[in-house]
Amino acid sequence: MKKKRIFLYVFSAFGLAFSIIMMGQEEILIEKIKTQSSALKIISSRREQTPFQISKEDNLNTELVSLPRVSDLKNLNEHEIHHTPEIILKGASVVGRIHNNAEQLPSKRHEAMLFFKNCLEDENIAIAIRAVCLNKVYTLIPKWRIPILIEEDKISLELKELAKELF
Amino acid sequence: MKKIIGLVLFLTLSSHISAKENFGGIYLDSSIPKVQIQTLKEDFIYLYNTPETEVDSEFKTVFELTDVNGAELYNWVFNRVRYIVGQDYKRTGRNLLKKKGHVFPSTPLPDGVFEKGFHTYGAVIIMSNLGAELYLTGKNENILKGLRLNREEVYVPSPRTGIVQVGEGLFLERLLVNKEQNSEANKIKRLGTIFHEARHSDGNAEHVGFIHNVCPTGHALSGFYACESSRNGSYSLEAHALKMLLTNCHTCSIEDQTKLSASITDSLSRVVVRSHLKTEEKLLEEIEAFQRVVEFYENLFKTNPDMKKDYESELIKFQGQLSESEAQLVELRTPKIPKFLDPMPEGHFYEVLVEDSSELMEASLSR
Ligand SMILES: [Zn+2]
């Protein structure tokens, strides 16, 4: 009986230690995401001035800058915009490939989640694509078990409604 | 009696069509390249084979369907798309038919449709609804218009006559979902476009053809006729159709799903109520700024009446902008969902029952 209680104490202590370690890891993970996120933001704002000076080491930044911008839509003609424009489909292809790669390789999931975050928060990106990215975040946070901070003031009601339409 | 006349008309037309190249009762013109004809046939078969599907009430409302399955969905399309011509079909010269003496319904025409031209049907590169265009221009000129399709004369006494034109864009890889022309994902993408164009065969009076509206200020496509303010127009229907078909897709990869999802959000982003695009704070700022300019001009004219002659037009312009912002603020403060437009088509047409369109499809399938 006594032995059993000692075993339980030892087991709980291990459990506690394990969860502290795990919590620590989660915090580290959140910090990592935050740091990567701000790094990407700096690069993203720099991009507008010098679009060709993007470091290759910045993961998925090339993909991020390739997404269609609102200004790209304004340059299309009446024929090109009646149905979903090619640039929207191309952008969605990029988002889909990143999702697919991360689905196959769990090690790529944090990077992918960060990409979706940067995509949905960038007000210059076409709303159809941002809504797809927001929907990915909504569905993948619980599936991949990756927490991510979304800047609420960068998401309009319209964007949220569009993302929810995909549920 | 009406039913009997309808059935006779239907059978006459069906036998007429069946003498030419047709599939499931839909006339496929020889101007469509063979490979595209084959693809379209397979798309219609795919649609016809849609299983009984659970959808939300909004889907049933906008499509006016109680059951959602292949036969019902095909029938929905069939009632709006009866004739398909190819990109090279010439709708001028001897192919364009005109007949005087037809009495059109005495309903008003859509606002500004002739000034702007047919931007809404302009996307020849992908697909366009010629029937709606012929009906509207015919009604405007009080001449019944039609097209010669091979040797048959097809007049358009209603947008529901259902003549559409397919362009190479409907089959282009870069405008589709993946490289495999007949993959499920590509079929779904094309069917979404077909549902969109089919909706242009509906509506009456001011909204004949469910013509698109100009996208409002603040919208990414501002100034283009590529938006709609109703909840049951072509863009809404396309989005609902894509979403429903996507739920039944067995072979869609994550990338396919993402591209189709973007097509859905793209379509829905065009269903707009002006005020939804701006925040209250933004509108109040606008109003304040315009008010200041209006007050300035009003005071200027009081103290310097001579200047009124040169600057009155400016005052009118700013007063207009001020009223627009004020109207948007009222709209924002009284949230409303986009209105539901009456889809009942005007003019002479007959509604084909689901049993009849299914029979035509079954006959084509057993050939
Ligand atoms: Zn349209």
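For clarity, every value in this text was computed on a predicted model and none was experimentally measured. (Residues numbered from 1 in each chain as written. Chains lettered and ligands numbered in written order. Predicted model: local features only at pLDDT ≥ 70, side-chain atom pairs only at ≥ 80, totals over all residues. Heavy atoms only, no water.)

Residues and elements named next belong to chain B. Packing of helix α2 (residues 34–48) against helix α7 (residues 184–199) leaves a shortest axis separation of 10 Å and a crossing angle of 90°. With respect to α7, the element α2 is oriented roughly perpendicular. Of α7, the residues touching α2 (which contributes T39, L40, E42, D43, F44, Y46 and L47) are E184, K187, I188, R190, L191, I194 and F195. (Axes fitted to C-alpha atoms, helices over the stretch in contact; angles between N-to-C directions. Helix = DSSP H or I, 4+ residues; strand = E, 2+ residues; numbered from the N terminus. Parallel < 35°, antiparallel > 145°, perpendicular 65-115°, else oblique. Contact = heavy atoms within 4.5 Å.)

The next thing to look at is the sheet that holds strand β7 (residues 152–155) of chain B. All names here are of chain B. The three strands lie next to each other as β4-β6-β7, forming an open sheet whose pairing is antiparallel. Single-partner strands in this sheet number two, and they are β4 (96–99) and β7. Across this sheet, the average inter-strand angle for adjacent strands is 35°, counted without regard to direction. Contacts from helix α6 (residues 130–141) reach β4 and β6 (144–149) within the one sheet, and its direction differs from that of β6 by about 145°. (Pairing = 2+ DSSP bridges.)

Let us now look at the interface of chain B and chain A. Facing 40 residues of chain B, the contacting portion of chain A comprises 34 residues. With both chains or domains summed, chain B and chain A bury close to 3,000 Å², and 63% of this area falls on carbon and sulfur atoms. Of all residues in chain B, the largest losses of buried area upon contact with chain A belong to B:F224, B:I254 and B:T265, amounting jointly to 19% of the total for that side. The partner of A:R97 in a salt bridge is B:E255, and the shortest N-O contact between them spans 3.7 Å. One can count 14 residue pairs in polar contact (both at pLDDT 80 or more) joining chain B with chain A. Elements with a minimum of two residues in the side of chain B that touches chain A: α7, α8 (234–247) and α9 (254–268) of chain B. Looking at the side of chain B that touches chain A element by element, the count peaks at 11 residues for α9(B). When grouped by side-chain class, the residues that make up the side of chain B that touches chain A number 18 nonpolar, 13 polar and nine charged. (Buried area = accessible area lost by both parts, 1.4 Å probe. Salt bridge = Lys/Arg side-chain N within 4 Å of Asp/Glu carboxyl O. Polar contact = N/O pair within 3.5 Å; in protein donor to acceptor, adjacent residues only side chain to side chain. Nonpolar A, V, L, I, M, F, W, Y, C, P; charged D, E, K, R; others polar.)

All names here are of chain B. Taking 1.5 Å of rise per residue, 26 residues should cover 38 Å, and helix α11 (residues 308–333) covers 35 Å from first to last C-alpha, within 8% of that figure. Regarding α11, the residues found buried are L315, F318, L322, S325, Q328, L329 and E331. Of the surrounding secondary structure, the elements contacted by the buried residues of α11 are α10 (280–303). (Expected span 1.5 Å × (residues − 1). Buried < 20%, exposed > 50% of the residue type's maximum accessible area, 1.4 Å probe, protein only.)

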